[in-house]
Amino acid sequence: MALLFLLLLPVGTLFWLVANARAMPVVRRLDVSLPFPADAPRRPVTVALMTDSHLSGPDNSPERMARIVAQVNGLRPDLIVLGGDYIGDAKGGAIYGPVQSIAPFAALRAPLGVVAVLGNHDARKHALISRRQWGALFARIGIRLLDNQAVRRGPLAIGGLRDIYTGRPDIPKTLAAMRAVGGAPLMLSHGPDAFPLLPDQPMLTLVGHTHCGQVALPFVGIVYVPSRYGLRYACGVYREGMRTMVVSAGLGTSGLPIRMLAAPDVWLITIHPR
């Protein structure tokens with residue numbers, strides 16, 4: 001009996017780890033204040049952050065993403081932002097191309113629309129299409145893709161940086177574009193490595209990429225994240241000077257289809273006028 005238990009324990013643990021990855025995301029909430037422009041109504045704006053869907057099996061599927069999209073729509077955010085890494089890895093299940101990877105996002109609904117950036121897995125070497133082609137695919141489903149660009153949505157000036165891991169984010173150009181459109185500054189970047197490069201001014205930065213380690217060990221915590229800063233910006237909320245950054249655990253997985261003590265999540269941030 002003890003031998004049978006020892007044989008079944010690894011199998012049970014594996015199923016548990018995969019089940020963690022397949023779980024519906026936790027909704028995490030944050031309130032921040034930013035300087036709204038004079039022409040904007042003085043009411044809070046809610047922003048939902050979805051990132052790192054990595055659409056591929058066995059942990060993620062179009063059906064699971066449809067449920068997550070419905071979950072996010074149910075939060076009734078004013079704006080939805082997508083943080084990149086839509087392409088998934090070969091993890092022993094189904095693999096989807098660029099069109100299929102972003103198709104579930106067509107059902108997202110928010111009064112101020114949906115804005116996106118690309119991640120390192122969406123670069124040409126993974127997805128085999130260019131940034132321009134990605135922009136066209138997103139435009140077909142009514143989503144604005146930003147690449148070192150900015151757009152005004154309600155009271156927010158949203159800047160979207162090029163992925164720092166496979167490209168070169170042009171921070172001065174993006175900040176200038178944000179100033180040109182006017183509004184409370186919200187920077188969207190795939191990963192946290194751009195955060196220390198931003199000026200110390202009131203700004204909210206939303207990122208993913210780290211998966212919150214994807215596997216965190218009991219009593220030890222997160223062991224590794226793919227960042228040049230190590231664990232400095234591994235997961236959660238960071239405040240440095242006048243800047244605030246949210247690092248999401250994301251929706252999917254990379255490498256192995258498992259999670260441990262690093263649940264998938266969606267962030268709902270309420271931005272109040274300062």
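Note that this is a predicted model, so its numbers are computed, not measured.

Draft legend 1. Molecular detail of the state of the cysteines. Tallied over the entire structure, the rule returns one disulfide. Two residues, Cys212 and Cys235, share a disulfide whose sulfurs are 2.0 Å apart. Taking the torsion about the S-S bond as the criterion, the Cys212 to Cys235 disulfide, at about 75 degrees, is right-handed. Pair noted here: Cys212 is in the loop between strand 9 (203–207) and strand 10 (216–217) and Cys235 is in the loop between strand 11 (221–222) and strand 12 (236–240), with a separation of 23 residues, a long-range link.

Draft legend 2. A look at the sheet that holds strand 9. The sheet built from six strands is open, its strands ordered 6-7-8-9-13-12 with mixed pairing. Two strands bound the open sheet, and with one partner strand each, they are strand 6 (149–153) and strand 12. On average, each strand axis in the sheet is inclined to that of its neighbour by 20 degrees, with strand direction left out of account. Where strand 9 meets strand 13 (residues 243–247), five bridges bridge the pair, whose relative direction is parallel. Looking at strand 13, one finds that Val207 is bridged to Val247. Contacts from helix 6 (residues 171–181) reach strand 6, strand 7 (156–160), strand 8 (184–188) and strand 9, with the element oriented near 25 degrees to strand 6.

Draft legend 3. Just the nonpolar core, in detail. If you look at the biggest cluster of nonpolar residues, it comprises 29 residues, and the most contacted ones within it are Met50, Ile80, Leu82, Phe105, Leu108, Trp134 and Phe138. When residues of this core are traced back to their parent elements, those giving at least two are strand 2 (45–50), helix 2 (62–74), strand 3 (79–82), strand 4 (114–116), helix 5 (131–140) and strand 14 (265–273). Considering every element that reaches this core, the biggest residue donor is helix 2, with four residues.

Draft legend 4. Region of the structure containing the side chain of Asp85. Relative to the elements of secondary structure, Asp85 occurs in the loop between strand 3 and helix 3 (98–102). Look at Asp85: it is buried, it has no salt bridge, and the nearest opposite charge is Arg259 at 10 Å. Residues contacting Asp85, with those up to four places away along its chain left out, are Asp52, Ser53, His54, Gly119, Asn120, His121, Asp122, His190 and His209.

Draft legend 5. How the structure looks around the pairing of strand 9. Burial within strand 9 is extensive, with five of its five residues counted as buried. The alternating pattern of strand 9 places Met203, Thr205 and Val207 and Leu204 and Leu206 on opposite faces, both of which are buried. Bridge analysis of strand 8 against strand 9 gives three bridges, and the strand direction is parallel. Residue pairing for strand 9: Leu188 is matched across the bridge by Leu206.

About the criteria used
- Residues numbered from 1 in each chain as written.
- Predicted model: local features only at pLDDT ≥ 70, side-chain atom pairs only at ≥ 80, totals over all residues.
- Heavy atoms only, no water.
- Disulfide = S-S within 2.5 Å.
- Helix = DSSP H or I, 4+ residues; strand = E, 2+ residues; numbered from the N terminus.
- Pairing = 2+ DSSP bridges.
- Axes fitted to C-alpha atoms, helices over the stretch in contact; angles between N-to-C directions.
- Contact = heavy atoms within 4.5 Å.
- Core = buried A, V, L, I, M, F, W, Y, C linked by side-chain atoms within 4.5 Å.
- Buried < 20%, exposed > 50% of the residue type's maximum accessible area, 1.4 Å probe, protein only.
- Lys, Arg positive; Asp, Glu negative; His and termini not counted.
- Salt bridge = Lys/Arg side-chain N within 4 Å of Asp/Glu carboxyl O.

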